[in-house]
Amino acid sequence: MTDDGYSLTSSIYGEKMSLTNATEKEIVQKEMTINMGPQHPATHGVLRLVVDLQGETVVGIDPRPGYLHRGIEKWMESRTYHQIIPITDRLEYITCMNNNLGWVVAVEKLAGIVVPERAQFIRMLMAELTRLSGHLVWLGTHALDIGAMTVCMYTLRERELILDLTETVTGARQTVSYVRIGGLRNDVPRDFLDKCREFTEIFPKKLEDYDTLIRQNRIWLKRTKGIGKFSAEDAINYGLTGATLRGSGVNYDLRKVEPYAAYDKVEFDVPLGTEGDVYARYIVRINEMRQSVRIIKQCLDMLPEGPIMTADPRYAVPDKATVMTNMEALAHQFVLMSKWVNMPKGEVYVATEAPKGELGFFIVSDGSGRPYRVKIRAPSFVHVGALPKMVTGHMVSDVIACIGTIDIVLGECDR
Amino acid sequence: MENTVTVTIDGITVKVKPTATILEAAKAAGVRIPVLCADDKLHPYGSCRICIVEIEKSPRKFTPSCTTPVTDNMSVKTMTPDLAEARKRILELLLNNHPLDCPICDKAGSCQLQDLVHEYGLGPSKFTEKKRTVAPSYHSNVIDREVSRCVLCGKCVRVCREQNAVGELAFTRRGDKSKVSTDFDQPLDCEFCGECVEICPVGALTTKQFKFKGRTWNLERIQSVCNYCGCGCRTSFETRLGRIVRVRSGARNYLCSKGRFGWDAVHHQDRLTTPLVRVSGELVPATWDEALAMVVTNLNVIKNKKGADSIGGLGSVRTTNEESYLFQKFMRTVVGTNNVDLLARLKVPKGLNTVFFSGELSKISDHDAVLVLDGDVGELNPLMGIEIVRAVNRNYKKLVLVNSGFNKFNRLASVVLDYLAPEAALADLLPAMKSGKGGDRVVAAAAILKEAASVAVIIPGRTTDKEFSQIKELLSLLKGVTTYPIVRRSNLQGAMDMGVLPDYYPGYQKVGSDTMNRFAGSWDAILPEAPGLNALEMLAGIKTGKVSALYIMGDDPAGSDRGLKDILNKLEFLVVQDIFLTETAKLADVVLPACSWAEKYGTVTSLERRLQQVSRAEEPLGESKPDWDIIQTLARKMGGPMHYGTPADILNEIRSMVPLYADLAMGGIWARERSPLAGADMDLSLWSDTVMKNEVITADRLLFSSGTMIGRSREISTLCRTKAEV
Amino acid sequence: MNKLTKALRMVFMIEIVEGMTLTLKTMLKPAVTRQYPTFKRKSFAGSRGLHYMDRDDSGMKERCIGCGLCEAVCPAKAITVVTEKGPNQEKVVSAYELDLLRCVFCGFCVDACPVNAIKMTPNFELACYSRRDVFLTKDRLVAEGDKYLGKKKGGAGK
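Remember, predicted model here, so these are calculated numbers, not experimental data. For every chain, the first residue of the written sequence is number 1, and numbering continues from 1 onward in sequence order. Chains and ligands are labelled sequentially in the order written, the chains with letters from A and the ligands with numbers from 1. Confidence filtering applies because this is a predicted model: local features only for residues at pLDDT of at least 70, side-chain atom pairs given and counted only at 80 or more, and all residues used for totals across whole chains, interfaces and linings.

1. Comments concerning the overall build of chain A
Then, number 1: If you tally the helices and strands in chain A, you get 19 helices and eight strands.
Then, number 2: For chain A, whose C-alpha radius of gyration is 23 Å, the value lies close to the compact-globule estimate of 22 Å for 415 residues.
Then, number 3: The C-alpha extent of chain A, read off along each of the three principal axes, is 85 × 45 × 35 Å.
Then, number 4: As a rule, residues whose C-beta atom has 12 or fewer other C-beta atoms within 10 Å are exposed, those with 20 or more are buried, and those in between are partly exposed; C-beta atoms are placed from the backbone. The buried share of chain A, reckoned over its 415 residues, is 53%.
Then, number 5: The contact criterion used here is simple: two residues whose C-beta atoms, placed from the backbone, lie within 7 Å are in contact. In chain A, of all internal contacts separated by at least 6 residues, the share reaching a separation of at least 24 is 70%. Starting at the N terminus, helices and strands are each numbered in turn, a helix being any DSSP run of H or I of at least four residues and a strand any DSSP run of E of at least two. Our radius of gyration is a C-alpha quantity, and the globule rule it is checked against amounts to 2.2 Å times the number of residues to the power 0.38.

2. A look at the overall build of chain B
Then, number 1: Along its length, chain B carries 23 helices and 30 strands.
Then, number 2: Taking 2.2 N^0.38 as the reference for a compact globule, 726 residues should give roughly 27 Å; the C-alpha atoms of chain B span a radius of gyration of 28 Å, in line with that estimate.
Then, number 3: Principal-axis analysis of the C-alpha atoms places the extent of chain B at approximately 90 × 65 × 50 Å.
Then, number 4: Every one of the 726 residues in chain B was classed for burial, and the buried ones make up 52%.

3. Quick look at the sheet that holds strand β2 (residues 79-85) of chain C
Residues and elements named next belong to chain C.
Then, number 1: Only strands that DSSP links by at least two bridges are regarded as paired with each other. The strand order across the open sheet built from three strands is β2-β3-β5, with neighbouring strands paired in antiparallel fashion. Because the sheet does not close on itself, it has two edges, and the strands there are β2 and β5 (135-136).
Then, number 2: In terms of strand pairing, β2 meets strand β3 (residues 91-99) through seven bridges, oriented antiparallel. Its bridge partner lying in β3, I79 is registered against L98.

4. A closer look at the interface of chain C and chain A
Then, number 1: Listed per partner, the contact involves 24 residues of chain C and 27 residues of chain A.
Then, number 2: Residue contributions to the side of chain C that touches chain A peak at six residues, all from helix α2 (residues 14-28) of chain C.

5. With respect to the interface of chain B and chain C
Then, number 1: With eight residues of chain B at the interface, the matching set in chain C holds 11 residues.
Then, number 2: Only Asp, Glu, Lys and Arg are considered charged, only Ala, Val, Leu, Ile, Met, Phe, Trp, Tyr, Cys and Pro nonpolar, and every remaining residue, Gly among them, polar. Residues of the side of chain B that touches chain C, tallied by class, amount to five nonpolar, one polar and two charged.

6. A word on the confidence of the model for chain B
All names here are of chain B.
Then, number 1: The pLDDT averaged across chain B works out to 86; a share of 96% of its residues lies at or above 70.
Then, number 2: pLDDT is a per-residue confidence score from the predictor, ranging from 0 to 100. In this model, residues 722-726 is a region of pLDDT below 50 whose contacts with residues beyond four sequence positions or in other chains number 10 contacts.
Then, number 3: Both scores are available for the predicted complex, with the pTM at 0.84 and the ipTM at 0.82.

7. Digging into the packing of helix α5 (residues 96-111) of chain A against helix α6 (residues 117-146) of chain A
Residue and element names in this part refer to chain A.
Then, number 1: Running from amino to carboxyl end, α5 crosses α6 at an angle of 140°, the nearest separation of the two axes being 8 Å. Between α5 and α6, the angle is such that the two are oblique. When α5 is examined against α6, the residues M97, N98 and L101 are found in contact with a partner set consisting of R123, M126, A127, T130 and R131.
Then, number 2: A breakdown of the residues in the contact of α5 with α6 according to their chemical character gives four nonpolar, two polar and two charged. Axis definition: a line fit to C-alpha positions, over the contact stretch in the case of helices; interaxial angles, taken between N-to-C directions, run 0 to 180 degrees. We call two directions roughly parallel when the angle between them is under 35 degrees, roughly antiparallel when it is over 145, roughly perpendicular when it lies between 65 and 115, and oblique otherwise.

8. So, the domain arrangement of chain A
Then, number 1: Each domain of chain A was delimited in the assignment, giving domain 1 (8-64) and domain 2 (72-377).
Then, number 2: Each of domain 1 of chain A and domain 2 of chain A was reduced to a C-alpha centroid, and the two centroids are 38 Å apart. Boundaries between domains were set according to an automatic or database domain assignment.

9. A closer look at the environment of E90 of chain C
Residue and element names in this part refer to chain C.
Then, number 1: In this fold, E90 is placed in the loop between β2 and β3.
Then, number 2: On the basis of neighbour count, E90 is assigned to the exposed category, with 11 C-beta atoms found within 10 Å.
Then, number 3: Between the C-alpha atom of E90 and that of I65, which follows or precedes it by 25 residues, the distance is 9.6 Å.

10. Quick notes on the nonpolar core
Then, number 1: Judged by nonpolar contacts, the single largest core of 370 residues is most densely connected at V372 and I458 of chain B.
Then, number 2: At 15 residues, α6 of chain A tops the list of elements feeding residues into this core.
Then, number 3: Ignoring anything within four residues of it in the chain, the contact list for I458 of chain B reads L371, V372, L373, D374, V377, M384, Y484 and I486 of chain B. By convention the nonpolar core is taken to be a set of buried residues drawn from Ala, Val, Leu, Ile, Met, Phe, Trp, Tyr and Cys and joined through C-beta atoms within 7 Å.

11. Quick notes on the sheet that holds strand β11 (residues 234-240) of chain B
Strands in a sheet are paired, the pairing made by backbone hydrogen bonds, and the direction either parallel or antiparallel.
Residues and elements named next belong to chain B.
Then, number 1: With respect to topology, three strands assemble into an open sheet ordered β10-β11-β12, the strand pairing being antiparallel. Edge positions in the sheet fall to β10 (220-225) and β12 (243-249), since each has one partner strand and no second. Pairwise comparison of adjacent strand axes, ignoring direction, gives a mean angle of 30° for this sheet.
Then, number 2: Two elements, β10 and β11, share six bridges in a ladder whose sense is antiparallel. The residue of β11 that forms the bridge with E220 is T239.

12. A short note on the environment of A261 of chain A
All names here are of chain A.
Then, number 1: Here A261 lies in the loop between α12 (254-257) and α13 (278-302).
Then, number 2: By C-beta crowding, A261 is classed as buried, having 25 other C-beta atoms within 10 Å.
Then, number 3: A261 sits 93 residues away from A354 along the chain, and the two C-alpha atoms are 13 Å apart.
Then, number 4: Excluding its chain neighbours within four sequence positions, the residues that come into contact with A261 are L101, Q120, R123, M124 and A127.

And the structure:
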């Protein structure tokens, strides 16, 4: 295989052998390299895979990410900490709220900002709603890739309910830019809580429906059980996180291990798989959705009253009403909006449990209003690295199942 | 060292001079203390009280750090909860009368008050009283005063008095009615340097020029060099959407009114945007190809008909070193004549680069005494003037002034020698130095000069032969002399270094057979052997028919001297390369539009012989091109091998050809000992009573009296009260 | 027993039948798909769509005072505010330009505006035929505001 990956012709004709002359046996024995993606619809974006095949068996796979590289980390260096919030929306564009939250939690740790309780609960509530939406997209597309078309119609129907909820709160369906350093953009509207409660009543029933459709479906089982197996040890060594890791039976959930927002105040279980195959991860994610609903319900019950922005005027974006009447607020508004706060010098790494896995932000601060360097630990990127190990030895059609099961989004992978 | 004291600031121990303040000690320790009214340029004042600190074992709770000197083994805390709370209250009181002007205040974003309020996280104020409002003052030239925004730190008052020795601004009224104003609230009548605007921590002083033109956070800053006099002050062009909106001092040191406000000539509507050629008596726009073809044809015809020495070239002091170098190379290699010179040599101080080499301006104030032989130094080289004031006001040094008139230096001087010309003053001073005889003042001056272990001597820009020999004699009587010749024209030093001289190659290498061979080899061209005509000889040669064509790059002889118009009209062919349609350009057969200095890259050499970088802040206007590019294109069309991609390529060639520049780093100064002319008994200046009289003068200020560019600055024109033509 | 059930399910393809039943039941329910553009969902209050510029209290001109905070905070650099000095030393907004092709609809400009001049409508239908149409000038922004606010008033019955 050559570097450019387009080695179909060279590997065959280079050996002075033409397709017409070769016997079927020779072709089977001959290793063939084919290029999959970056426009392949099942690669969930623009992932390019260079697959070495022995007949229909995958003997090697080489992921070539980078087609959606926008230089986000570099871009962040030229923006203030505040302006980076919309940029994080463009990382994992299915579950923007979790990216917002990950960034903001990291900045808050760097600056030592105390966030009021109500804001923490709303953040958690919105993050779990978004997690549901992310998992629904995953389930729909994963099933679609494997051949169960109907599921996608159902999951997107429910996802629409979540997006409507998101829009009533944040004003946008996906790229929400809702979480602010030190708090939230705005409080939730009055009718949101009722709507949300209504949704938590409906949603578990819908989950049953998805189970009815595929959980015991024999094709589904054949396509998922025993495919893409990862032992617990391998999963840890490969740096897998999130449901991909927990499918192998490793109990590691950042919401439990290092609670952020208000995850230490609610009860939920961490679903675990045992087999570490595609099916186990499917079960884990379905159960995670049930747990998310549980968290949302607790949030709705426990939601405290109070402010949604930190009390520290250095970081709190002032209330609009005071800006043009109060000199102090006006000064804060100008500094915050034009150049942001001179942050403390130092480095910080904070990881949060995004739907895809551990989303970490490593920030180096030089004491100005803009980060000196940001490194994003993107779960999708790490998971793509596990593809070769996962797929090798399986059929070529299992590549699709494995891409689905690691649940990647290329916006985050390539950054 | 016995002369230090040990101070501990926030646990960091430093040794500082006993005269240092706590603020200076903190700076040495790397600890930041917030300030509003303190500045390195100014004496301690202590009006804002933001810089308070806690001193251990002091009976006083809070002490202002900017006015308190250190004592041995002092231990200082700069940040405690109490201090933070006290500073908050101080800021709250300052904000009490501060209008909600941030949205329309040009300072917002770089406002020290705003930053401090944010840094200390002030909550809503307890005070609900009505804010004091004072009517703004818009009736001064150039500078507006938004008095309501003032925090009464007094920086503007002090910088005007201490640094500029002008003292135009002062506090008037008392108590809560006090404000910064002028005598009887009259419009400002000062040097209009704008230093008060620069130093204002809030937006109380703003310039009319920059008003509402942009916000500080979206300005792009380009470091460059001022091109209005020989001082070569570092400037920072601030651009918005690709256009300059403001110029500030790049070194945070000083800018005069020309440097700060005079840049708007770049945006003048009369800028040339296309080449012009003369068709049946009229100058009409043409393409570059047409214009250059006309130049090539005519120069070639004249060269073939009358020889290369019938063509002359006049260089400029407003172009960069690279362009000057290329210009003389073009004349010598492509045209084939040594007739290349600077008319600005008429304004070179006698003895510059042979006897007098300027020292570093920033070191004037280190000398024990300053002898100023030309009282107009503040107008001619403003930065030099500021350094003299600094020597007296800040370092308490003695000033001996020779001045025929009366200006700010008279108030600072220890002794004023009030003579009409330096010649007369020196005639009295020299005997006093030698024998101690003479009038009271001369004797006092001589005593100061004799006593001083080091003297900075400001040499006039023009001296007679007698004065020249007198000065030389005087210098031999003084100890530790540093000379500071006044050089008015901007890149005069650079242009001379680059060999825009008929008898010297670049680097003051005398035209002769051995140097010719060396340069001919490096330039790969045949060079003329004999030295060429100097600028005056060229002008005279036009009358006699010896010179038939002139190539003038960036100079305007006809604008300075009307009499030259008739002479230039006699030329068969005249090419002018300039940024405006000057009086000279109006006579030209071909006019080539050049870029202004804000639109090109290159280097310039200041009167300190400091090599500095000029940077492009705007795109070239219209079809105008940098001078080096024009000359290079022309040279190629005439068959000369010139292939430079950027001015940096030219600078590399200069470094290989000119020993003075070989290892001269950007910002470095070439040593006087390395000049081939150092100590030689010769003179680079030209002298003529008849040519280049400055005919356009402004009645009030010498600072604005010259120049193609400064005459076209709108802001500066508002400062010139009367404009008389002689 | 368990094994028997499993075998029976296997033979009679029970899970397929269950799945198909769900599909059939859903088929009989009303469709959830909205037939855009024939049917348009009611927009939510506070949705972030096309921008508009509010008028000042006099109603004669835009509310914007040209502080430039929106331009400073815009992460996509979509906004350009050009100001100049008016005849009475006041700050005049000579140009307010918003390039929708750059805009990411994060709403930061709305948050930053100290005088509530720039705001957003829930209008998300921004497709147009030329690039000029997506380049919003000050006048267009004010016109959008008139259009949006007028419609809202009309809708309320006034």
